[in-house]
Amino acid sequence: QSEPAMGGLTPSQAVAFDDEWDAHTRDLSTEQRTILDLHRLGHTSDEIAVQTDRSGRWIRRVIQQFREMFRKNSDYNVERSAYREPTDRNSGDAAL
């Protein structure tokens, strides 16, 4: 039996999650994908804002909209996914 990967997903579940992530982000703008990828890697919304020359509020809105869409359309529980990051220090929002 496979060992659970980070976040409690097995390696095959992590691959399926990556495939689903790719499907959900495919039609987003390059900027939105960059924001989500940085957030997925653990950057805070304020750090992403500096890197993208956007406001922290705008970054948090992009992340929240994606989170809601992903939860609605995903087979995975985002809160326990392999990509769950610590709470964003600046916004109080849990990461994806």
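Next up on the list: the packing of helix H1 (residues 11-25) against helix H4 (residues 56-73). In contact at an axis separation of 11 Å, H1 and H4 are set at 120° when each is read in the N-to-C sense. Our classification of the angle between H1 and H4 gives oblique. When the axes of H1 and H4 are compared, the crossing they make is right-handed. Packed against H1, whose contacting residues are Phe17, Glu20, Trp21, His24 and Thr25, the element H4 presents Phe66, Met69, Phe70 and Asn73 at the interface. Split into classes, the residues belonging to the contact of H1 with H4 amount to five nonpolar, three polar and one charged.

A word on the nonpolar core. Formed by 13 residues in total, the largest nonpolar core has its most connected members in Trp21, Ile35 and Ile59. Counting residues per element, the ones that place at least two in this core are H1, helix H2 (30-40), helix H3 (45-52) and H4. Look past the residues within four positions of Ile59 in its chain and what remains in contact with it is Ile35, Ser45, Ile48, Ala49, Thr52 and Arg54.

This paragraph deals with the packing of aromatic side chains. On inspection of all chains with the given rule, the structure shows five aromatic pairs. Seen from their ring centres, Trp21 and Phe70 are 6.2 Å apart, and the 55° between their planes marks the pair as tilted. Of this pair, Trp21 sits in helix H1 while Phe70 is found in helix H4, placing the two residues 49 residues apart along the sequence. Where Phe66 meets Phe70, the ring centres are 5.6 Å apart and the plane angle is 35°; that geometry is what we call tilted. Placement of the pair is Phe66 and Phe70 together in helix H4, with a separation of four residues, close to one helical turn.

Next up on the list: H4. Between its first and last C-alpha, H4 extends 26 Å over 18 residues, near the 26 Å set by a 1.5 Å rise per residue. Among all positions of H4, only Gly56, Ile59, Val62, Ile63, Phe66, Arg67 and Phe70 are buried. Seen end-on, H4 carries its buried residues on one side only, within an arc spanning 130°. What points out from H4, more than 90 degrees from its buried face, is the exposed set Arg57 and Lys72. In this fold, the buried residues of H4 make contact with H1, H2 and H3.

Cut-off values and rules
- Residues numbered from 1 in each chain as written.
- Predicted model: local features only at pLDDT ≥ 70, side-chain atom pairs only at ≥ 80, totals over all residues.
- Heavy atoms only, no water.
- Axes fitted to C-alpha atoms, helices over the stretch in contact; angles between N-to-C directions.
- Helix = DSSP H or I, 4+ residues; strand = E, 2+ residues; numbered from the N terminus.
- Parallel < 35°, antiparallel > 145°, perpendicular 65-115°, else oblique.
- Left-handed = near helix turned anticlockwise from the far one by under 90°.
- Contact = heavy atoms within 4.5 Å.
- Nonpolar A, V, L, I, M, F, W, Y, C, P; charged D, E, K, R; others polar.
- Core = buried A, V, L, I, M, F, W, Y, C linked by side-chain atoms within 4.5 Å.
- Buried < 20%, exposed > 50% of the residue type's maximum accessible area, 1.4 Å probe, protein only.
- Phe/Tyr/Trp six-rings, centres within 6.5 Å; stacked < 30°, edge-to-face > 60°.
- Expected span 1.5 Å × (residues − 1).
- Arc of directions from axis to C-beta.

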